[in-house]
Amino acid sequence: MIRFFKKILHSEFLPVSEVRKLKVHVVMAFLFIITLVTIPFSFFLDYNLPIKILSLVAFALFYLFCFILVKFNKIFTAIQVSIIYSILLMVFYTRGISSFYAYIFFYITLTIIIFYQEIYSYFIYGTLTLVLGILYTLSYGSGLLLVEDITGSVYIYVAGLVIYYLVSFIQILNNEKLYADLNLEWVKMNNLNSNYQDELLYYVEDMRASMKKSPIYEDLEFQKAAFELSEFIAEQILKDGKQIANLIDLYIYIHEKGLDSILKNDEISIAMKKNSNILGKYLLNQNSDMFSMIVSFYLKFHTTKDYQTDRYNYDLNSITTLIDEQFIAFCLIYLYLHDEISEGSSWKDLKYEEISVDDIFNKIDLTDFFSEPIIAFYQDNLDLLRKYNKKKG
């Protein structure tokens, strides 16, 4: 029981399959309590004794069937069976008595369906429950009303049921959209990271080598973090999280020896090769899903400089203060523009065949890009630049 409540407390760290399984367990526990209460309460329902006995036996068989499905890990089928079980329980009460307590069972059934957060199941079974609830309210509304109720109160019951259905439906749709958006974001980020993983891995290893540090998977802090995280996650699924320790040792060993060398080694057992192949997608030293997740997680919390409108500064003096480097940069820009004008198609497409580099420099404010010594250099050596370009052409 402690382990069960511990799973519920840390359900955000469980995979989707385990969360679904946990939900089935919660619903089954709730339905078990309702079924136990139904046994004595059935004596007040308008059924003869054989019908009551057969109904209770049918509920017991349904419950046993659902339990077997969970035991054999048929979670999706178990969800459908548990929903059908709750609907049958609702019908059993609402057909046996016309009172406000029976009306409450429509909300109970809708709540069970909502709890699973399965959009298709909610649309099918939730809509069926809503239709049955409206028909029941309109047909047996007199049993729901009190003496002091105003005229038309039965429609308030109908409206309440419809509003509860619609609000829950919108909430499930919103969750589905949120999940789809997160999944799409993950796919995009994973594809983006996969294109740069080799460069990132090389950069990380090069940095560690320059700092005379061992590879990241040999770092004791990394190994400690990997073991603690895996132990915590394993405890949500297994009885003892320490059983994961051997896999962590194998995980580190794969990094050291390489996955291919392990799979090709005839002296290694089939079981160890199988586990190594499963762990292969979580390796750090190759293009893997694990490395992509680490990069994505790191980038989420990586702070960058605030946006600046003048972050692209083209002033040559801000790039280098050395005059000789500025001279070289200016000459390279001048030669580049000369080649673009004389040979580049972009200039000719604009029908500027007759324009020259000097014409361009005469039409712009050179002080935005070059310092005064560089501008003076250009003006004093204009003939030399022209002569060089002609000789180059």
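Everything here concerns the structure above.
Reading the values: rules and limits
- Residues numbered from 1 in each chain as written.
- Predicted model: local features only at pLDDT ≥ 70, side-chain atom pairs only at ≥ 80, totals over all residues.
- Heavy atoms only, no water.
- Core = buried A, V, L, I, M, F, W, Y, C linked by side-chain atoms within 4.5 Å.
- Buried < 20%, exposed > 50% of the residue type's maximum accessible area, 1.4 Å probe, protein only.
- Helix = DSSP H or I, 4+ residues; strand = E, 2+ residues; numbered from the N terminus.
- Contact = heavy atoms within 4.5 Å.
- 1 Å grid on protein atoms, 1.4 Å probe; cavity = no way out; pocket = protein on both sides within 12 Å on 5 of 7 lines; lining within 4 Å.
- Points joined across faces, edges and corners; volume = space filled by probe spheres on them.
- Nonpolar A, V, L, I, M, F, W, Y, C, P; charged D, E, K, R; others polar.
- Phe/Tyr/Trp six-rings, centres within 6.5 Å; stacked < 30°, edge-to-face > 60°.
- Lys NZ or Arg CZ within 6 Å of the ring centre and 35° of its normal.
- Expected span 1.5 Å × (residues − 1).
- Bend = angle between axes of the 7 residues up to and from the residue.
- Patch = residues over 30% accessible without salt bridge, like charges linked within 9 Å, V, L, I, M, F, W, Y side chains within 5 Å.
- Areas by Shrake-Rupley, 256 points an atom, 1.4 Å probe, with all protein chains shown as cover.
- Salt bridge = Lys/Arg side-chain N within 4 Å of Asp/Glu carboxyl O.
- Axes fitted to C-alpha atoms, helices over the stretch in contact; angles between N-to-C directions.
- Parallel < 35°, antiparallel > 145°, perpendicular 65-115°, else oblique.
- Left-handed = near helix turned anticlockwise from the far one by under 90°.

1. A word on the nonpolar core
Then, in step 1: Among the nonpolar cores identified, the biggest contains 40 residues, and Val24, Ile83, Leu89, Tyr116 and Tyr122 are the most heavily contacted of them.
Then, in step 2: Among the elements of the structure, α2 (16–41), α3 (49–71), α4 (75–94), α5 (100–116), α6 (119–139) and α7 (153–210) are those that each provide at least two residues to this core.
Then, in step 3: Among the elements that make up this core, the one with the highest residue count is α4 (11 residues).
Then, in step 4: Excluding anything up to four places from it in sequence, Ile83 contacts Ile113, Tyr116, Ser121 and Tyr125.

2. Quick look at the layout of surface pockets
Then, in step 1: In this structure, the second largest pocket occupies an estimated 500 Å³ of space.
Then, in step 2: In terms of lining, the second largest pocket is formed by 18 residues, of which the most central are Val204, Phe291, Ile294, Val295 and Tyr298.
Then, in step 3: Contributing elements (two or more residues each) for the lining of the second largest pocket: α7 and α12 (289–300).
Then, in step 4: A per-class count over the lining of the second largest pocket returns 15 nonpolar, two polar and one charged.

3. Considerations on the packing of aromatic side chains
Then, in step 1: Under the definition given, this model contains 23 aromatic pairs.
Then, in step 2: Grouped by ring-pair contacts, the aromatic residues Phe32, Phe59, Phe62, Tyr63, Tyr85, Phe92, Tyr93 and Phe105 constitute a single cluster.
Then, in step 3: Stacked on the ring of Phe115, the Lys or Arg Lys23 has its end atom at 5.8 Å from the ring centre.

4. Focus: unusual backbone geometry
Then, in step 1: Positive phi, close to 55 degrees, is recorded for Gln117, a residue that is not glycine.
Then, in step 2: When you line up the elements, Gln117 lands in the loop between α5 and α6.
Then, in step 3: Even without glycine at this site, Lys212 takes up a positive phi of about 55 degrees.
Then, in step 4: As for its position among the elements, Lys212 is in the loop between α7 and α8 (220–235).
Then, in step 5: Its relative accessible area of 79% is what places Lys212 among the exposed residues.

5. Digging into α7
Then, in step 1: Compared with the 86 Å implied by 1.5 Å per residue over 58 residues, the 79 Å span of α7 between its first and last C-alpha is a close match.
Then, in step 2: Along α7, the helix axis deviates most sharply at Tyr196, where the bend reaches about 55 degrees.
Then, in step 3: At the C-terminal side of α7, Lys212 shows a positive phi close to 55 degrees.

6. Remarks on a nonpolar patch on the surface
Then, in step 1: Taken together, the side chains of Phe32, Ile33, Leu36, Val37, Ile39, Phe41, Phe43, Phe44, Leu49, Ile53, Val57 and Leu61 define a hydrophobic patch exposed on the protein surface, amounting to about 1200 Å² of accessible area.
Then, in step 2: Looking at the nonpolar patch, the elements that each hand over two or more residues are α2 and α3.
Then, in step 3: With six residues, the single largest contributor to the nonpolar patch is α2.
Then, in step 4: If you trace the backbone, Ile39 turns up in helix α2.
Then, in step 5: The class of Ile39 is partly exposed, set by a relative accessible area of 42%.

7. Quick look at the pattern of salt bridges
Then, in step 1: Counted under the stated rule, the structure contains three salt bridges.
Then, in step 2: Close ionic contact of Lys177 with Asp181 constitutes a salt bridge, the shortest N to O distance being 2.9 Å. With Lys177 and Asp181 both in helix α7 and four residues apart, this pair spans about one turn of that helix.

8. Describing the packing of α2 against α5
Then, in step 1: Axis separation between α2 and α5 bottoms out at 10 Å; the angle between their running directions is 160 degrees. Between α2 and α5, the angle falls in the class roughly antiparallel. The handedness of the crossing between α2 and α5 is left-handed. Here α2 contributes Lys23, Val24, Val26, Val27, Phe30, Leu31 and Ile34 to the contact with α5, which in turn contributes Phe105, Ile108, Ile112, Phe115 and Tyr116.
Then, in step 2: Residue classes in the contact of α2 with α5 are distributed as 11 nonpolar, no polar and one charged.

9. Here we look at the environment of Leu132
Then, in step 1: In this fold, Leu132 is placed in helix α6.
Then, in step 2: When its relative accessible area of 30% is taken as the criterion, Leu132 is described as partly exposed.
Then, in step 3: Separated by 26 residues in the primary sequence, Leu132 and Phe106 have C-alpha atoms spaced 8.3 Å apart.
Then, in step 4: Apart from the residues within four sequence positions on either side, Leu132 is in contact with Met90, Val91 and Phe106.

10. Brief notes about the side chain of Ser121
Then, in step 1: Within the secondary structure, Ser121 sits in helix α6.
Then, in step 2: Filtering out sequence-adjacent residues up to four positions away, Ser121 remains in contact with Gln80, Ile83, Ile113 and Gly126.

11. Quick look at the packing of helix α9 (residues 245–257) against helix α11 (residues 270–279)
Then, in step 1: One way to put it is that α9 packs onto α11 with a least axis distance of 10 Å and a crossing angle of 75 degrees. Viewed along their axes, α9 and α11 adopt a mutual orientation that is roughly perpendicular. Across the interface between the two elements, Leu247, Leu250, Tyr251, Tyr253 and Ile254 of α9 pack against Met272, Asn275, Ser276 and Leu279 of α11.
Then, in step 2: Considered class by class, the residues forming the contact of α9 with α11 number seven nonpolar, two polar and no charged.

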